Amino acid sequence: MPTYPTVPNTDNPGVKTENSNFPYDYKYGRNAGEIQQYTKTGPFSKNNIPAETIDRLKTGIPTSFNQIKEFSKKSSKTKSIIKKNRITE
């Protein structure tokens, strides 16, 4: 069963994002030793994973990608994701 990827924790007001991703300066310019919850787990969905990455998963790791698709189609954990944003094809 697939695990969830991590996504920026937008519930943390100190987290900065651009287009739902960490900007380079923020990602590599944070202070060492400063403990915050910068990320959280999020479901495999078109909201959390760019189309280019989905295509790379599809061609690079087809067996795992098929598991992600089946999980997205059948798991009760993906019911909150609207169908057009699920990874099912």
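**Q** Any chance you could explain the nonpolar core here in plain terms?
**A** Note on soluble globular proteins: their nonpolar side chains tend to be buried together. One finds F44, I49, I54, L57, F65, I68 and I87 forming the largest nonpolar core, which totals seven residues. Within the residue set of this core, elements represented by two or more residues are α2 (51–60) and α3 (62–74).

**Q** I keep staring at the side chain of S72 and nothing clicks. Help me out?
**A** Here S72 is to be found in helix α3. A distance of 3.3 Å separates a polar atom in the side chain of S72 from the backbone oxygen of I87. Leave out the neighbours within four places in its chain, and S72 touches F44, T78, R86, I87 and T88.

**Q** Teacher, can you tell me more about the environment of R30 here?
**A** Mapped onto the fold, R30 is located in the loop between α1 (24–29) and β2 (39–41). For R30, a relative accessible area of 31% gives the class partly exposed. Measuring from C-alpha to C-alpha, the distance between R30 and T88 comes to 36 Å, with 58 residues separating the pair along the chain. Within the structure, R30 has its side chain in polar contact with the backbone oxygen of Y26 (distance 3.3 Å). Of the polar contacts made by the side chain of R30, one reaches the backbone oxygen of K27; its length is 3.2 Å.

**Q** Would you take a moment to explain the pattern of salt bridges for this structure?
**A** Working definition: two side chains of opposite charge can pair if their charged atoms are close together. The full count for this structure, using the stated rule, is three salt bridges. Of the charged contacts, one joins D11 and K40 as a salt bridge, the two residues approaching to 3.2 Å between their closest N and O atoms. With D11 in the loop between β1 (6–8) and α1 and K40 in strand β2, this pair connects stretches of sequence that are 29 residues apart. Residue classification places D11 among the exposed residues on the basis of a relative accessible area of 61%. Take K40: its relative accessible area is 28%, and that puts it in the partly exposed class.

Cut-offs applied
Residues numbered from 1 in each chain as written. Predicted model: local features only at pLDDT ≥ 70, side-chain atom pairs only at ≥ 80, totals over all residues. Heavy atoms only, no water. Core = buried A, V, L, I, M, F, W, Y, C linked by side-chain atoms within 4.5 Å. Buried < 20%, exposed > 50% of the residue type's maximum accessible area, 1.4 Å probe, protein only. Helix = DSSP H or I, 4+ residues; strand = E, 2+ residues; numbered from the N terminus. Polar contact = N/O pair within 3.5 Å; in protein donor to acceptor, adjacent residues only side chain to side chain. Contact = heavy atoms within 4.5 Å. Salt bridge = Lys/Arg side-chain N within 4 Å of Asp/Glu carboxyl O.

Note that all results are geometric; they support no functional claim without further evidence.
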